[in-house]
Amino acid sequence: MQRLGLFAAALPISLLLSCGTAGPQTPIASIHPAAPAGLVRADSGMVVSAHPLASAIGERVLREGGNAVDAAIAVHWALAVTTPWAGNIGGGGFMVVRLADGRTASLDFREAAPAAARHNMYVDQQGQVVPGLSEYGHLAPGVPGSVAGLFALHDSLGSLPMARLIQPAIDLAAAGCPLTGHEAHELNAARPLIGRHSTRPNAFTSRSSWAAGDTLRQPELAHTLERIRDGGAEEFSKGLTARLLVEEMRRGGGLITAADLATYHPRWRPPLQGTFQGMEVITMGPPSSGGILLLQMLRGMETADPSIWTGGRPALLHRMIEVERRAFADRAEYLGDPDFVRVPVQELIAHEYVDARMADIDPSRATPSTAIRAGSPVPEAAHTTHFSIVDPMGNAVSCTTTLNGAYGCGVVVGGAGFLLNNEMDDFSAAPGAPNAYGLIGGEANSIAPHKRMLSSMAPTIVTRNGRLFMVAGSPGGSTIPTTVFQVLLNVVHHGMDMQQAVSAFRFHHQWLPDTVRAEIGAIQPADSMALVEMGHVIRIRHAIGRADAILVHPDGTLEGGADPRGDDRAMGF
Ligand code: GLY
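Reference entry: report on the structure contained in this document. These numbers were taken from a predicted model, which means no experiment stands behind them. (Residues numbered from 1 in each chain as written. Predicted model: local features only at pLDDT ≥ 70, side-chain atom pairs only at ≥ 80, totals over all residues. Heavy atoms only, no water.)

**Re the sheet that holds strand E17 (residues 548-552)**
Item 1. Pairing is antiparallel in the open sheet, where seven strands are placed in the order E1-E18-E17-E13-E12-E9-E8. The sheet is open, and its two edges are formed by strand E1 (40-42) and strand E8 (272-276), each paired on a single side. Each neighbouring strand pair of the sheet contributes to a mean axis angle of 25 degrees, computed without reference to strand direction.
Item 2. Here two bridges tie strand E13 (residues 467-472) to E17, and the two strands are oriented antiparallel to one another. Across the sheet, residue Val471 finds its bridge partner in E17, namely Ile550.
Item 3. On the sheet, helix H14 (residues 480-492) packs against E8, strand E9 (279-283), strand E12 (460-464), E13 and E17 and is oriented at approximately 135 degrees with respect to E13. (Pairing = 2+ DSSP bridges. Helix = DSSP H or I, 4+ residues; strand = E, 2+ residues; numbered from the N terminus. Axes fitted to C-alpha atoms, helices over the stretch in contact; angles between N-to-C directions. Contact = heavy atoms within 4.5 Å.)

**Overview of the pairing of E13**
Item 1. Among the six residues of E13, five are classified as buried, and the element is accordingly described as predominantly covered.
Item 2. Pairing analysis gives five bridges linking E12 to E13, with the strands arranged antiparallel. The residue bridging Thr460 from the neighbouring strand is Ala472, located in E13.
Item 3. Where E12 folds back on E13, the antiparallel hairpin that results is connected by two residues, among which Asn465 adopts a positive phi of roughly 55 degrees. (Buried < 20%, exposed > 50% of the residue type's maximum accessible area, 1.4 Å probe, protein only.)

**Section: the sheet that holds strand E3 (residues 92-98)**
Item 1. Spatially, the seven strands line up as an open sheet ordered E7-E4-E3-E11-E10-E2-E19, and their pairing is antiparallel. Each end of this open sheet is capped by a strand with a single partner; those strands are strand E7 (267-269) and strand E19 (569-572). Along the sheet, successive strands turn relative to each other by an average axial angle of 15 degrees, direction set aside.
Item 2. Bridging between strand E4 (residues 104-109) and E7 involves three bridges; their strand directions are antiparallel. Counterpart to Asp108 in the pairing with E7 is Arg267.

**Some details on the pairing of E4**
Item 1. Most of E4 sits out of view: six of its six residues are buried.
Item 2. In the sheet, E3 pairs with E4 via six bridges, with the strands oriented antiparallel. Each bridged residue has a counterpart across the sheet, and for Phe94 the counterpart in E4 is Asp108.

**Observations concerning the site of the ligand**
Item 1. Around the ligand, the structure places nine residues, and the nearest of them are Asn404, Glu423, Asp426, Ser455 and Ser456.
Item 2. Within the contact set of the ligand, a nitrogen atom lies 2.6 Å away from a side-chain nitrogen or oxygen of Asp426.
Item 3. Contact distances for the ligand include 2.7 Å between an oxygen atom and a backbone N or O atom of Ser456.
Item 4. Protein chains shield 99% of the accessible area of the ligand, which is 200 Å² for the free molecule.
Item 5. The class makeup of the residues in the shell around the ligand is three nonpolar, three polar and three charged. (Near = heavy atom within 4 Å. Polar contact = N/O pair within 3.5 Å; in protein donor to acceptor, adjacent residues only side chain to side chain. Areas by Shrake-Rupley, 256 points an atom, 1.4 Å probe, with all protein chains shown as cover. Nonpolar A, V, L, I, M, F, W, Y, C, P; charged D, E, K, R; others polar.)

**What to know about unusual backbone geometry**
Item 1. Residue Pro287 is bonded to the preceding Pro286 through a cis peptide linkage, with omega at 15 degrees.
Item 2. Within the secondary structure, Pro287 is located in the loop between E9 and helix H10 (290-302).
Item 3. Residues other than glycine seldom take positive phi values, yet Asn404 does so here, at roughly 85 degrees.
Item 4. For Asn404, the position within the fold is in the loop between strand E11 (396-402) and E12.
Item 5. Residue class for Asn404 comes out buried when judged on its relative accessible area of 2%.
Item 6. Look at Trp511: it is not a glycine, yet its phi comes out positive at around 75 degrees.

**Here's the deal with the environment of Thr385**
Item 1. Looking at the element boundaries, Thr385 is found in strand E10 (residues 384-390).
Item 2. You can call Thr385 buried: its relative accessible area is 1%.
Item 3. Thr385 sits 91 residues away from Gly476 along the chain, and the two C-alpha atoms are 8.3 Å apart.
Item 4. Every residue in contact with Thr385, bar those within four places of it in the chain, is listed here: Ala50, Leu79, Ala86, Gly87, Cys399, Thr400, Thr401 and Pro475.

**Observations concerning the environment of Leu317**
Item 1. If you trace the backbone, Leu317 turns up in helix H11 (residues 313-334).
Item 2. On a C-alpha basis, the gap between Leu317 and Ala29 in space is 9.9 Å, while along the polypeptide they are 288 residues apart.

Function-wise, these values are silent; they only describe arrangement.
Here it is in structure tokens:
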């Protein structure tokens, strides 16, 4: 890992060595029943991803001397095959990298709006958002960023040949992957979506029903990946794959053109850096909102009365909910693509600002979201996938990548075998109109040609005393920052190991709608009653997030946390 001109300066070593609060901690939630009983530990390298085959491919790259970035590239290609609901070459994502010597970088390979996109393209003559238009079919995808992103990453930090890193994915696509029960269920659920919007036969709807153990073969995708192996990033941006994508757009009335594909570029951006309990938190800045939300929420907990950590669960849950509510109110107002709008990043994460923002939290009453507006900083979505990697040299990668909704917009590129994203739904289609995650937005996140839509992804790396401490992230749309927030608190404040921390049930508040969404088991019945008496509205919902994380102990040993909400797997050596 020598070609490092794009990296930020070495991290300052924090002088604040303490972490956590003294005294017994209040356990926050019960643990998911599907959590593995044992803990995956390793001495040298580890990969945690959404699929056992992808984790195994990444682990093998590390064993063969590849670095964490090589493994990340191989895992990303593999997930595009094993995990078609989120793994992708037709989507985009964000990656945070920390090298063993402390230098950090982040890569934005987020999708961008096509040149023909317009501010009101999802709005009818009456000014109403047309339901589904930004979510399904050919008008929903942004220009994909994943292939360009993986090659940019490889050019800067890779050490093994790209052909070596992509070949396992090609082999898997050609030979086929045995489906787990989860995957068969997901594919069956997506059949109407893919069937309605794809214009050519495809692997996913080649059977009327899938069952656990069936083999999903993707020969067209295998050929596409072979062409990319041989032709590089240009095959996707200008080659046959680009032509097939543009033809698909023409057949379905989509907007992405050859020029859009040829002019797309991933962007290296300085990672967002903040502190929590003396630890350094390195995370993703705009066009993702994830890092800003995470840092605001962590600061909101750091300044809470210390008694909330020992004073019973309702007080702690209440504080967390109120902190989440206020952070999300800022998201709606200020956040968008920094290449198009001024995002007051440093102002939003400044401790003085966050402290003032959290100062009106009433410890005994819920603040209605209608009483909260975005603050005034002093000038100065469910189907995504995340993986975390640490290599034997101590380099770390945290990557979240997505098609947005499960199976994206449902369009499989005819002849190329991959799904396109529906990321245009992450723009604010009209002021105040909620997207698929119920998130609302304003002008900062309105649609414009080439603009990148606001994300919630929060790939994060945490260091303590200048040493790697945790690599974490999650899918889950708007619930991503709250998931990472709660996983971190579970380790730091509740003494959980990495597996328990990702397995523990979670809850989420995002300002609007004004409800706490909680997994069954996240809030005990008695606590729930106490919170309702304080004025909170609680709704049960299905899985929140799917976090995959690695904890690094002071002696360098690694502990994996693979989320039991899916088929996720930690593997190390
Ligand atoms: N598509 C979900 C997100 O970027 O937050």
